[in-house]
Amino acid sequence: WRQQTIKIDQTQPAAVTALATLPWQRSRDVQVVGEDATSGVDRIEWQLGSGAATVTPVTGGRLTVTVPGDGEFLLRYRVYDKADQRSGWQEGTVKVDTVTPTNDTAAAPASGWLSAPYEVELEGTDDRSGIARKEWRVDGGDIQTGDTATVDTDGEHTLETRVVDAA
């Protein structure tokens, strides 16, 4: 008898990463993961931007794409298995915001003691992903969220405020 090993893979590979559901992120690196249960992933092709040149790195089942800066970028990719089958093109928008938002909350009055509770509207700006929430705390206590910070007990207190963007 003559023994031979036959390997058959009739199942297309799949792209595991779903870019359409990715929120804003602070990193310019995007992970694309492919899988193939039978022969394994050979490579992942990708394009950054519509009509861009296709890049084919030799990566196996994991690829890291670094986008050139902040903003929204179209990323297309497809997975090849070791039987040279390929998935269809997947695409999604990579949204990157590496810039910290600005806390524009007004400073507390510097005129000494107040005779009533202190309230201040929390304000902030973010040019890219937008403000997700506004936070504050008194004397290092629990973080509160909302548009207004309030200090309403007697004594000397430290009020901290911040704005958090969607990234």
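So, a few notes on the structure that sits alongside this text. (Residues numbered from 1 in each chain as written. Predicted model: local features only at pLDDT ≥ 70, side-chain atom pairs only at ≥ 80, totals over all residues. Heavy atoms only, no water.)

So, about unusual backbone geometry. The phi torsion of most residues other than glycine is negative, and most of the peptide bonds are trans. In the Ramachandran plot, Asp 84 falls in the positive-phi region, its phi being about 65° despite a non-glycine side chain. Positive phi, close to 55°, is recorded for Asp 139, a residue that is not glycine. With respect to the helices and strands, the residue Asp 139 is situated in the loop between β10 (131–138) and β11 (144–145). (Helix = DSSP H or I, 4+ residues; strand = E, 2+ residues; numbered from the N terminus.)

With that settled, consider a negative patch on the surface. Together, Asp 104, Glu 119, Glu 121, Glu 123 and Asp 152 line one region of the surface with negative charge. Turning to its location among the elements, Glu 119 is positioned in strand β8 (residues 118–121). (Patch = residues over 30% accessible without salt bridge, like charges linked within 9 Å, V, L, I, M, F, W, Y side chains within 5 Å. Areas by Shrake-Rupley, 256 points an atom, 1.4 Å probe, with all protein chains shown as cover. Salt bridge = Lys/Arg side-chain N within 4 Å of Asp/Glu carboxyl O. Lys, Arg positive; Asp, Glu negative; His and termini not counted. Charge placed at Lys NZ, Arg CZ, Asp CG, Glu CD.)

Before going further, it helps to spend a moment on the sheet that holds strand β5 (residues 71–81). Taken in spatial order, the three strands of this open sheet run β3-β5-β6, and their pairing is antiparallel. Two strands lie at the open edges of the sheet, namely β3 (41–48) and β6 (90–96), each paired on one side alone. Pairs of neighbouring strands in the sheet enclose a mean axial angle of 30°, with direction left out of account. Bridge count for β3 against β5 is seven bridges, and the pairing is antiparallel. Looking across to β5, one finds that Trp 46 is bridged to Tyr 77. (Pairing = 2+ DSSP bridges. Axes fitted to C-alpha atoms, helices over the stretch in contact; angles between N-to-C directions.)

Before going further, it helps to spend a moment on the layout of surface pockets. Counted as a void, the largest pocket has a volume near 560 Å³. Together, 22 residues line the largest pocket, and Leu 114, Tyr 118, Val 151, Gly 155 and His 157 are the ones closest to its centre. Looking at the lining of the largest pocket, the elements with two or more residues in it are β8 and β13 (159–165). Of the residues that constitute the lining of the largest pocket, the class distribution is twelve nonpolar, seven polar and three charged. (1 Å grid on protein atoms, 1.4 Å probe; cavity = no way out; pocket = protein on both sides within 12 Å on 5 of 7 lines; lining within 4 Å. Points joined across faces, edges and corners; volume = space filled by probe spheres on them. Nonpolar A, V, L, I, M, F, W, Y, C, P; charged D, E, K, R; others polar.)

Take the pattern of salt bridges next. Counted under the stated rule, the structure contains nine salt bridges. Between Lys 134 and Asp 147 there is a salt bridge, with the nearest N and O atoms lying 3.4 Å from each other. Placement of Lys 134 in strand β10 and of Asp 147 in the loop between β11 and β12 (148–151) is noted, with a sequence separation of 13 residues between them. A salt bridge links Glu 160 to Arg 137; the shortest N-O distance between them is 2.7 Å. Here the residue Glu 160 occupies a position in strand β13, and Arg 137 occupies one in strand β10, the gap between them amounting to 23 residues. What makes Arg 137 partly exposed here is its relative accessible area of 28%. Three or more residues are tied together by salt bridges with common partners; here these are Asp 42, Arg 43 and Asp 84. (Buried < 20%, exposed > 50% of the residue type's maximum accessible area, 1.4 Å probe, protein only.)

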